[in-house]
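Observations on the three-dimensional arrangement
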Amino acid sequence: MAYLLIVDDDPEFASSVATVGQADGHEVVTVHTPAEALASLAQRRPDGILLDVMFPEDPTAGFQMAREVRRKFSQVPILMLTAVNQEFP
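Since this is a predicted model, take the numbers as computed values, not measurements.

Description of the overall build of the protein chain
Of the regular secondary structure elements, the protein chain holds 3 helices and 4 strands. For a compact globule of 89 residues, the expected C-alpha radius of gyration is about 12 Å, and the protein chain comes in at 13 Å, within 12% of that figure. Counting only C-alpha atoms and orienting by the principal axes, one finds that the protein chain spans roughly 45 × 30 × 20 Å. Burial statistics for the protein chain: of 89 residues in total, 35% are counted as buried. Counting contacts in the protein chain only where the partners sit at least 6 residues apart, residues at least 24 apart contribute 63% of the total. Of the accessible surface of the protein chain, which amounts to about 5600 Å², a share of 55% is contributed by carbon and sulfur atoms. Side chains of the protein chain give 6 positive and 13 negative charges; the mean places of these two sets differ by 15 Å.

Here it is in structure tokens:
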């Protein structure tokens, strides 16, 4: 099965996604910041990355990380996710 890296600042969401991936037999690692993700990538290349788009410290951090991953690992699939958890009038 695949080795997946989940990068999301919402621990509950990341854990839920990891549970689904693990139930399908995948090895899953979750991290909560782009810096943690880059450190993880330095240790092991994943088969796929599920990447949040927006992070509290920088709303464009997910896009920046995707660009960096693409430069180093051009063949690793990246699925970018986002959720807005505030209500708009």
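Let's talk about the pairing of strand β4 (residues 78-81)
With 4 bridges joining them, strand β3 (residues 48-52) and β4 adopt parallel strand pairing. Its bridge partner lying in β4, I49 is registered against I78.

Quick word on the nonpolar core
Among the nonpolar cores identified, the biggest contains 14 residues, and L5, V7, L41, I49, L51 and M65 are the most heavily contacted of them. Elements with a contribution of two residues or more to this core: β1 (3-7), α2 (34-43), β3 and α3 (61-72). It is α3 that contributes the most residues to this core, 4 residues altogether. Excluding residues that lie within four positions of it along the chain, L41 makes contacts with L5, P46, I49, M65, V69 and F73. Grouped together as the second largest cluster of nonpolar side chains are 7 residues, L4, A14, V28 and L50 included.

Comments concerning the sheet that holds strand β2 (residues 27-31)
If you walk across this open sheet you meet the 4 strands as β2-β1-β3-β4, and the pairing is parallel. With one partner strand each, in any of the chains shown, β2 and β4 form the two edges of the open sheet. Adjacent strand axes in the sheet meet at a mean angle of 15°, parallel and antiparallel pairs treated alike. Each of β1, β2, β3 and β4 touches helix α1 (residues 11-23); the most contacted strand, β2, lies at about 175° to it. Here α2 sits on the sheet in contact with β1, β2 and β3, set at roughly 160° to β1.

What counts and how
Residues numbered from 1 in each chain as written. Predicted model: local features only at pLDDT ≥ 70, side-chain atom pairs only at ≥ 80, totals over all residues. Heavy atoms only, no water. Helix = DSSP H or I, 4+ residues; strand = E, 2+ residues; numbered from the N terminus. Rg over C-alpha atoms; globule rule 2.2 N^0.38 Å. Buried < 20%, exposed > 50% of the residue type's maximum accessible area, 1.4 Å probe, protein only. Contact = heavy atoms within 4.5 Å. Areas by Shrake-Rupley, 256 points an atom, 1.4 Å probe, with all protein chains shown as cover. Lys, Arg positive; Asp, Glu negative; His and termini not counted. Charge placed at Lys NZ, Arg CZ, Asp CG, Glu CD. Pairing = 2+ DSSP bridges. Core = buried A, V, L, I, M, F, W, Y, C linked by side-chain atoms within 4.5 Å. Axes fitted to C-alpha atoms, helices over the stretch in contact; angles between N-to-C directions.

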